[in-house]
Every structure is written in C-alpha cells, then in structure tokens.
Protein chains: 2
Amino acid sequence: MLPQPIVEQLVAIVGESRLLLEADDLQRFGVDRTTLWQAAPCGVVLPGTVEEVQSIVRLANQYNLAVVPSGGRTGLSGGAVAKDGELVVALDRMNQVIEFNPVDRSVKVGAGMITGQLQQFAEEQGLFYPVDFASSGSSQIGGNIATNAGGIKVIKYGMTRNWVAGLKVVNGAGDLFELNKGLAKNNTGYDLRHLFIGSEGTLGLICEATIQLAATPLESSVMVLGIEYFSEIVDVLTCFSRDLDLSAFEFFSQQALDKVVAHRGHAVPFQTETAFYALLEFEHSSPDVVDKAMELFERCVDKGWVMDGVLSQSLSQAKNLWKLREDISETLWQWQPYKNDISVRISRMADFLGEVDQLVMEQYPDFEIIWYGHIGDGNLHLNILKPEVLSVDQFHSKCANVSSSIGQLLAKYEGSVSAEHGVGLLKKDYLHYSRSAVEMDMMRSIKRAFDPNHIMNPGKLFDC
Amino acid sequence: MLPQPIVEQLVAIVGESRLLLEADDLQRFGVDRTTLWQAAPCGVVLPGTVEEVQSIVRLANQYNLAVVPSGGRTGLSGGAVAKDGELVVALDRMNQVIEFNPVDRSVKVGAGMITGQLQQFAEEQGLFYPVDFASSGSSQIGGNIATNAGGIKVIKYGMTRNWVAGLKVVNGAGDLFELNKGLAKNNTGYDLRHLFIGSEGTLGLICEATIQLAATPLESSVMVLGIEYFSEIVDVLTCFSRDLDLSAFEFFSQQALDKVVAHRGHAVPFQTETAFYALLEFEHSSPDVVDKAMELFERCVDKGWVMDGVLSQSLSQAKNLWKLREDISETLWQWQPYKNDISVRISRMADFLGEVDQLVMEQYPDFEIIWYGHIGDGNLHLNILKPEVLSVDQFHSKCANVSSSIGQLLAKYEGSVSAEHGVGLLKKDYLHYSRSAVEMDMMRSIKRAFDPNHIMNPGKLFDC
C-alpha cells in the first residue's frame, strides 16, 4: 500500500488519472512475460514529461521507495517485474516522435514508443530501423535500450546499442543527463550512454532516445535449409557468410517446426524432415547474388551438410518462411517455457553444443526441449517446456539446477549466460559464470554512483 | 629521478634492458604529436606480458607513482604526454597476433600492434580492418582504443569502438579484467568494455584486444568536387548519401589543397579553383552505381552547388585523389598547428560553420586557418598555423582564448569539443562545454572506482 502522503504528491506531479492503484492495474503493470513471480507493486505512475520523471524519482528518494521502470513488459528475464511493493514508473505516455531530421537520418522519440511504430515511422520516411524481434509489436524503445535488445538482424545490423545516438536519462538521484546528443563522433571522456544501454533500469530511467536510422535495405531472399547435424549448421554458416553479405542466419529444430506448423497452420518448407533447419536471408546487392546463393547451396549439398532446401521466389514466400522461425517464441508460451538465452563465439559453438546436448539429455530425460536461435551471432535459445504434472515452482527449481550446469559449461567456453534477454531476476544467480568478481565489484560501484539510495530496480541484475 | 628501490623492482619485473632511464629515451617516450609540453617522465618501462603490466601497476600503487600508458604516441591532445615525473608504460613489445579465428572473423592482438600491421594482417586473411587515418602507420591499436580513434571511413564503418569485441585490461588497482571475450551478443549487465574505449588511459591499461574484422570491401571509386560555399557541401552530402552507400565524405579548403600541392608535389584534381573541395568514395555494390554517381554529380552541378569535379578512372587515380586529403595533416606539422577537432550534427553544420567562420575572422585576423575534416560525420578540423613571430607559448595562449569562444558556440549547437582526437591535456579546460556537471561527477566516480589511488594518467581528461 502506498502511504497517503506519497499518493498525494504523486497525484500533484502527474494528475489523478495517471496514478493507478487498482488491483488489475497493479497486476498488469507488475509483470513482464515471465510467469515465475507474482506482481505486487504499490502503485503505477504514468509520467508525461521528463520533468515529471525527475519529480517522481526525487520523491522516491525522499521516501526511500523502490522504482521499477516499465516499458512494453515483453522482457523474458523478469527485469520489469515489481514483486516487492515497488512503484512502477511506466513510460507509455512518453511515446511521441519529438524530432525527425532527414539530413542526420535520426529521430528523437519518447522512451514509450512501441518498437513497431518506430519501424513504421522510419519506413514512412524512406528509412529503416533495423532492430527487429518477435515482440516488436508491443515492446517499447526504452525497454529495448535498457536491455540492449538483439533479434533477427544482428548479424548485419548489430544490437540496439548500435543505433542509439543520444539518450536523455534521469538517474537514481533524479539528475538529468543528456548523453551524446545525436553526435556521430564525440570523444569527450567516458561514454555514459553505453553504460545505460543494457543497464536494465538499475541506474536510472531512459526518457528519450535519439535513434540513428539506416538506409532502406534492398530486396532480399530467404532460404531454408534442412540439416541433420548441429555442427554442420556452423559449417553452412561459415560457407555462406564468406561469400554472401547475410542479413540473417537463424536456426530451429524439427521439434520447433512441428509445434509452429501444428499451432499456426503454416506449411512445412519442404517434405524432407531433418533434425535442424537453417533460415538465411541476403539482400540483392548485385544481380548475381541469387546465383551465388544457389552455388553455395549446391556446395553444401555436395558436402553432405544440407539435405534439402528452398529459396523464396517472392516477397510473400519469404515472409511465410520467416514465420516458421518468428512464430516459435509466441507458440511456445502455452507451455510456460524456461528460457535459456546463451551465447558463445561461433567457432566454439559446435563443441559447446555437443556438451550441452549431452548434459540436457542426462539431466532433463523427461522434459521436452526446443532449440532455436540466432546462430549467426552464436546465440542459442534453449527452451524447456513445463510438463503438465509439475507446478511452476517445481519446474523452476528443476530448471535452475540445470542452469547451473549450463553456466559452468558457459564459463569453460567463455560464453554468456544472457546473450540478448538481459539478466533481471531470472539470471542473476548465474551472472558470475560470465562476469568475474572484479567486474561485479566495478558494476556495484557504478550502481552506487548513479543510484546512491539504491532505489532503481533493486534486486535486478545483482544484489547490492 | 626514479628512486633506487623502484628501479630495482622494475628491473626484477621486466629485466634490465626493458627499463629505460636515458635522457633521449625519456624525451622520446614522454611526448605525443603535440608540441606544447616538455617531456619529463621518471622512466620508461616496456612490459612483455599482461602479468608484467599487473606487477608494474601494483608497484606503482605501492609507491604512489603516476603511470602514463604509451602506444604509438601519435595522439594530438597530449593524452600520452608525461611531463610531471610519471612512469611511462610503453606497450611496444606486446605487439603480437595472439589468436586469429576465421570462423569468428576476429583476431586477438597485443595492444602494442601497429594499426597498419593489423590492416595488413586482415588483408592477408582475405578480411578488412576498416579503421584508417593519417597516422595508422605508427599508431598502436591500444592507443586507438583508448582514444576511440575515428578517421576516414567512419561514415560507413564507424569508430574504433565498433570493432572491439573483447578487451583484456589492467585497471588502476592492478586487477585484470577480461571484457566481453569476443562475443557478438552478451547482455550481462554494464558493458565495461565501452567504458575503457575512449578512457584515454585514465582507468587502466589496455593490454590485449579482440578485434572484429569486416569482409573485404568491393572496388571503389573516388570523386573530388569543387564547391564554392560551405553550406552547399552539406547539400551535396545529403544529395549523395540519400542514393549512394558512401564509404567516405571528406572536405578540405583551397588553402589546404594549396599547401599539399606545394609541399607534396601532388597534381590538382582539376583546374577550376573553388573555396572548398569534397572528396567522396563509394563501393561498387552494383554495376549501375557509377552511373548513379554521375547522375548525382550532374544534379549537384545543375543546382549550382558543384563547380567542377573528377571521378577516378583507376585504382591509382583514386589513391592519388585520396592523397590530397590524407597528406594534409602531415603537411601542416611544420607550422606547429593548433588543432580544433570539433563536431556537431550534420544538420546543424552549415549554421555552426557560419558562426565559427565569423568568429575566427574576428579573433584571428592575422592567423592562417586551414579547414578540413570528415564532413560526413559532422567532424571539422580547424587548424590554426603558428605565425613565425610568435613563440609556442604566446601562440598557445592566443589559441586557448579562441577555443573558449568556439566551446561556447559548440555548447549552443550541442556539439563536441573533441570529435575524435580525445581530450588529454589540450581539451580538458573545454570539456565542460560538451559534458554537464552531473556527467563530470559521474566520470570522477567511475575514475575512483577503477583507479582508487589515482595513479592512471593523472591530469588527463579532467582533474580529480
């Protein structure tokens, strides 16, 4: 329960209709896409300006009230969960285009802008926002930045980090920072912008962002290839990426395909069934690029790596092939999956996967495992489906054990326990497998500097 | 003078021949390309391993000895100057390729590797290291990272920051950090790698770097265009960048061209003399790209922006045209220039330049000014040549006054007082024009966390 004096002061800042205290609002704004924690915020406040955000953070400092920043709440690691009486600060109303400049090819937007709307806006200007992923229809750009969102185009365009030319943030002390101001070159000391990118709301609230836009990509083609052995997916990737400028290289397992086909009614790409499928995309940078792709396809068939394949002959066929990959994540929600979002260097992936596969077979003999991911970035999504017979708690506790084993393997392979989903609540116990003790010390020092009273998203990323 | 106990312990760490105490060595290792400060280090030590670097930093902490990291000493802001009895730690011996991986397209190198050698190595592997600038033949990769070096390909390939996939650093406390380990995706909290990039040796010493390499670029063509008015260079840039994937867009003034032609014996690009020249480069991504470039050229001529132009017809002609731009910096050294390396957003450049031009005419009526720079990144190099009648000190003090006026203009235009050269000693008094008081506070807090005894490159970037 939010004490009355705080209620009154929040209402004075944002107006009565922008402070939500009803149970269903608390429930809705207190969770992300994870299902492991119960929402229990003390209130939800919806500021409309940067100044209102500053006032809210100063008030929170005064009352030592924990703040959870909230975007589209599509996160998969519990980073936006408010389970301990925190105040949720939702950026939904700060969703405008503030300034578009065609010469700079950049757009300044409020943090609450939906990712898909930014993509749409860029398209209307004859430009392109290249960060894309399954939840871009509801995720917000502020949350994308706070988690350095990745997705399906990283192999060519990089993570969200690459597209942030400026940030307006309010730190945990309520101070306003205008970072980098949209400049292409700015070597004036430590780049604090990059600290906020991926900080998961633990240093402050992202209020506005200046986003660099790219040129509209050329027309592209999509290929889906059937591959029997995991290690050969890496061979195929190496073969294709040497000679083609790939804009995506994804993979999924037969099990993933089965689920998507059964639940979404999509057609299979071809009749041959193989253990794995690679989906690759390339832009038509020159007229002979399709011939080159066919030549590489044949080379991979001759090597015995690829069993069958299809090349899109139209934009609509390309879109349909993409759905086989893009719809996996949403399809799996009904099984309340435990998601491992891990990465290693591409060159180590085949060995790493061999060991993970063995570990999973030993430790999850009864669980259904669905593999897919962004193999071109060394990023694997290992989804474990909850058996009906287990409660959420039982399931989570079993998965947590295996996560430790996977963490140990990741430490051995110098990999990451969170490639693109962030750490939040879900991964913080495994963070030490990827980050050393001295790194953790420095992260805590940085947290103290930006958030001296420790009110910003406490308990996320690490415990202080 | 380095006290005897420290000499003995340093010799025990690196061996006698790797501790330099002779006057000419102290002179050589105590300066960068600036000429404003006198070298006065207490010694120069040349470690050969990361462990030796750690031992040196721990020893320095014990004796409260200031440390200046030293790379190729090609810096232009005094970041590597040792003028107050510091110990110079030169990374020259740590210049090996440690590991190359063709699947990851990455190479791990010692921080002392010369930039040009890295470019060469990449080329030998059929790959490409895209960061390039006038001093790449002697600058070192560690120094490039510490200053986030830019150069002539930033418009397409970005700064050094974009190519650093991993860093091995020793912070000011002597702790070893292995940051990001070459991963493409790694969202596990604050990305400390990005803090070290551009930190100018104030947080620690960069020992090794994992560098991402790019695909070999396609063949490219170069155009030089004669343009009479500054604002129209921006019009030409906007016109070309909308329809062509530019890999460079540079400019220089008639005065710069005159100097290069006179001192290097290069041919002028064409007979028409104009106040400014734009040099642009584009890769042949499709066969009609040259036709497109010619069409854009004609459009710019029709608009009255471009007076004359030349398109390279061969690789050697392209190289010769590039020399007109690339040789400017070296040509100007004989005048001991005071270098302003500033940036604003491209869309604000024309207005900004109008004001700078007026300011410079008013405040430097007798000085010779040479303009050139990376206009495609909003980055201008304003070089003020020292008149023979003035001493270095007199000249510097006059220039410093004007720098304050330019700083005020930059603050108004939300620009940067150091686009790509870094802050070092030269710009620290002007840093507040680009970074706010709260940003400075956070930078100092971060400095304290990584360098608790304040031994790393003290007095550079800011005073603590």
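Residues numbered from 1 in each chain as written. Chains lettered and ligands numbered in written order. Predicted model: local features only at pLDDT ≥ 70, side-chain atom pairs only at ≥ 80, totals over all residues. Heavy atoms only, no water.

Named according to an unreviewed UniProt entry, chain A is FAD-binding oxidoreductase originating from SAR92 clade bacterium H455. Regarding chain A, the UniProt comment filed under Sequence similarities (unreviewed entry) reads as follows: "Belongs to the FAD-binding oxidoreductase/transferase type 4 family." Its UniProt record gives chain A the following Cofactor (unreviewed entry) comment, quoted word for word: "FAD". (UniProt positions renumbered as here; feature names shortened; annotations may be inferred.)

Further remarks concern the pattern of salt bridges. Where charged atoms from two side chains of opposite charge approach closely, those side chains can pair. Taken as a whole and judged by the stated rule, the model has 44 salt bridges over all chains. In this structure, E368 of chain B engages K259 of chain B in a salt bridge whose closest nitrogen and oxygen atoms are separated by 2.8 Å. Separated by 109 residues along the polypeptide, E368 of chain B in strand β17 (residues 368-374) and K259 of chain B in helix α9 (residues 254-264) bring together distant segments of the chain. Through salt bridges with shared partners, one network takes in D243, K292, E295 and R299 of chain A. (Salt bridge = Lys/Arg side-chain N within 4 Å of Asp/Glu carboxyl O. Helix = DSSP H or I, 4+ residues; strand = E, 2+ residues; numbered from the N terminus.)

Looking now at the packing of helix α8 (residues 230-243) of chain B against helix α10 (residues 289-302) of chain B. Residues and elements named next belong to chain B. At a closest axis distance of 10 Å, the pairing of α8 and α10 adopts a crossing angle of 155°. Looking at the two axes, α8 sits roughly antiparallel to α10. The hand of the α8/α10 crossing is right-handed. Each of V236, C239, F240 and D243 in α8 lies in contact with α10, whose residues at this interface are K292, A293, L296, F297, R299 and C300. (Axes fitted to C-alpha atoms, helices over the stretch in contact; angles between N-to-C directions. Parallel < 35°, antiparallel > 145°, perpendicular 65-115°, else oblique. Left-handed = near helix turned anticlockwise from the far one by under 90°. Contact = heavy atoms within 4.5 Å.)

Below, the discussion takes up the domain arrangement of chain A. Residue and element names in this part refer to chain A. For chain A, the assigned domains are domain 1 (4-92), domain 2 (97-215), domain 3 (220-329) and domain 4 (336-446). Domain 1 puts 15 residues into the contact, and the matching count from domain 2 is 20 residues. Both sides of the domain 1 and domain 2 interface together cover about 1,300 Å² of buried area, and 65% of this is carbon and sulfur. Taken as a group, V50, T74 and L91 account for 35% of the area that domain 1 buries against domain 2, more than any other trio of residues on that side. Between domain 1 and domain 2 we count zero salt bridges in total. Inspection of the domain 1/domain 2 interface yields four residue pairs in polar contact (both at pLDDT 80 or more). At the level of elements, α3 (50-62) and β3 (67-70) are the ones that each hand at least two residues to the side of domain 1 that touches domain 2. At six residues, the largest contribution of residues to the side of domain 1 that touches domain 2 is made by α3. Considered class by class, the residues forming the side of domain 1 that touches domain 2 number seven nonpolar, six polar and two charged. (Domains from an automatic or database assignment. Buried area = accessible area lost by both parts, 1.4 Å probe. Polar contact = N/O pair within 3.5 Å; in protein donor to acceptor, adjacent residues only side chain to side chain. Nonpolar A, V, L, I, M, F, W, Y, C, P; charged D, E, K, R; others polar.)

A separate point is the nonpolar core. If you look at the biggest cluster of nonpolar residues, it comprises 138 residues, and the most contacted ones within it are I211 and F450 of chain A together with I211 and F450 of chain B. Among residues more than four places away in sequence, those in contact with F450 of chain A are N171, G172, A173, F177, L192, L195, F196 and L203 of chain A together with M442 and I446 of chain B. (Core = buried A, V, L, I, M, F, W, Y, C linked by side-chain atoms within 4.5 Å. Buried < 20%, exposed > 50% of the residue type's maximum accessible area, 1.4 Å probe, protein only.)

Here we take up helix α11 (residues 315-326) of chain A. Residues and elements named next belong to chain A. The terminal C-alpha atoms of α11 lie 16 Å apart, and with twelve residues this matches the ideal 16 Å at 1.5 Å per residue to within 8%. Of all the positions in α11, only A318, L321, W322, L324 and R325 are classed as buried. All buried residues of α11 lie within an arc of 145° about the axis, which places them on one face of the element. (Expected span 1.5 Å × (residues − 1). Arc of directions from axis to C-beta.)

Attention now goes to the interface of chain A and chain B. It is common to give the size of an interface as the accessible area lost on bringing the parts into contact. In this complex, chain A contributes 76 residues to the contact, which on the side of chain B involves 76 residues. Note on chain A versus chain B: buried area summed over both sides is about 5,900 Å², and carbon and sulfur give 56% of it. Of all residues in chain A, K185, N187 and Y190 of chain A give up the largest surface area on contact with chain B, accounting jointly for 18% of the area buried on that side. Along the contact surface separating chain A from chain B lie ten salt bridges. Across the pair D191 of chain B and R161 of chain A runs a salt bridge, and its minimum N-O distance is 3.6 Å.

Let us now look at the pairing of strand β14 (residues 276-283) of chain A. Residue and element names in this part refer to chain A. Burial of β14 is extensive: eight of the eight residues sit out of reach of the surface. In this structure, strand β12 (residues 220-227) lies alongside β14, joined through eight bridges in antiparallel fashion. Note on β14: the bridge partner recorded for I227 is F276. Sheet topology note: the strand β13 (residues 246-253)/β14 ladder contains seven bridges and is antiparallel. Looking at the pairing, L246 lines up with F282 of β14. (Pairing = 2+ DSSP bridges.)

Our focus in this paragraph is the UniProt feature "domain: FAD-binding PCMH-type" (unreviewed entry) in chain A. The sites that UniProt annotates as "domain: FAD-binding PCMH-type" (unreviewed entry) are residues 37-216 of chain A. Taken end to end, residues 37-216 of chain A has its terminal C-alpha atoms 41 Å apart, with 21% of it in helix and 26% in strand.

Let us look at the sheet that holds strand β5 (residues 97-101) of chain A. Residues and elements named next belong to chain A. With antiparallel pairing, five strands are arranged side by side in an open sheet as β5-β6-β10-β8-β9. Because the sheet does not close on itself, it has two edges, and the strands there are β5 and β9 (176-179). Ignoring which end each strand starts from, the neighbouring axes of this sheet average 10° apart. One ladder, built from four bridges, connects β5 with strand β6 (residues 106-110); its direction is antiparallel. In the strand pairing of β6, V97 is matched with V109.

Mapping between the two chain copies consists of a rotation about an axis together with a translation along that axis. Note on the identical chains: chain A maps onto chain B by a rotation of 180° and an axial translation of 0.0 Å, with an RMSD of 0.0 Å. The superposition operator between the copies reduces to a two-fold rotation axis. Across chain A, the rotation axis passes nearest the C-alpha of S286 of chain A, at a separation of 2.5 Å. (Least-squares fit on C-alpha atoms with pLDDT ≥ 70 in both.)

Attention shifts here to the packing of aromatic side chains. Taken as a whole, this structure holds 30 aromatic pairs over all chains when the rule is applied. For the pair Y190 of chain A and F462 of chain B, a centre-to-centre distance of 5.9 Å together with 80° between the ring planes defines the contact as edge-to-face. A residue pair is termed interchain when its members come from two chains, as with Y190 of chain A in the loop between β9 and α7 (192-196) and F462 of chain B in the segment after α15 (437-450). Ring plane angle 75° and centroid distance 5.5 Å describe the contact between F352 of chain B and Y413 of chain B, whose orientation is recorded as edge-to-face. Of this pair, F352 of chain B sits in helix α13 (residues 346-363) while Y413 of chain B sits in the loop between α14 (392-412) and α15, and the two are 61 residues apart along the sequence. The pair formed by F352 of chain B and Y413 of chain B is uniform in burial state, with each residue classed as buried. In this structure an aromatic cluster arises from ring pairing among F230, F251, F276 and W371 of chain A. Directly above the ring of W333 of chain A sits K339 of chain A, whose terminal nitrogen or CZ lies 5.2 Å from the centroid. (Phe/Tyr/Trp six-rings, centres within 6.5 Å; stacked < 30°, edge-to-face > 60°. Lys NZ or Arg CZ within 6 Å of the ring centre and 35° of its normal.)

Residue and element names in this part refer to chain B. Tracing the chain through its elements places L332 in helix α12 (residues 328-332). In sequence terms L332 and K259 are 73 residues apart; their C-alpha atoms lie 7.9 Å from each other. With residues up to four places along the chain from it excluded, the contact list for L332 reads K259, P337, I370, Y372, N383 and L385.

Residue and element names in this part refer to chain A. Burial analysis of β6 places five of its five residues in the buried class, the great majority of the element. Burial of β6 is two-sided: the residues S106, K108 and G110 facing one way and the residues V107 and V109 facing the other way are all buried. The turn joining β5 and β6, which pair antiparallel and follow one another in sequence, is formed by four residues; a positive phi near 55° is taken by R105. Sheet analysis places β6 next to strand β10 (residues 204-212), joined by five bridges and oriented antiparallel. Counterpart to G110 in the pairing with β10 is E208.

Time to look at the side chain of S312 of chain B. In this structure, S312 of chain B sits in the loop between β15 (306-311) and α11 (315-326). Look past the residues within four positions of S312 of chain B in its chain and what remains in contact with it is S221, V222, Q317, A318 and L321 of chain B.

For the rest of this paragraph, the subject is the side chain of E420 of chain B. The residue E420 of chain B is located in the loop between α14 and α15 in this model. Within the structure, E420 of chain B has its side chain in polar contact with the side chain of H374 of chain B (distance 2.8 Å). Residues within four places of E420 of chain B in sequence aside, it is in contact with K185 and N187 of chain A together with T147, N148, A149, G150, G151, M159, D341, H374, N379 and H381 of chain B.

Attention shifts here to the sheet that holds strand β12 (residues 220-227) of chain B. All names here are of chain B. The strand order across the open sheet formed by seven strands is β15-β12-β14-β13-β17-β18-β16, and the pairing between neighbours is antiparallel. Sheet topology places β15 and β16 (338-343) at the edges, where each strand pairs with a single neighbour. Within this sheet the neighbouring strands show an average axis-to-axis angle of 15°, counted without direction. Contacting β12, β14 (276-283) and β15, α10 runs over the sheet at an angle of about 165° to β15.

All names here are of chain A. Tracing the backbone through its elements, the reader meets S391 in the loop between β18 (379-385) and α14 (392-412). For S391, a relative accessible area of 34% corresponds to the partly exposed category. Along the chain, S391 and Y277 lie 114 residues apart, while their C-alpha atoms are 32 Å from each other.

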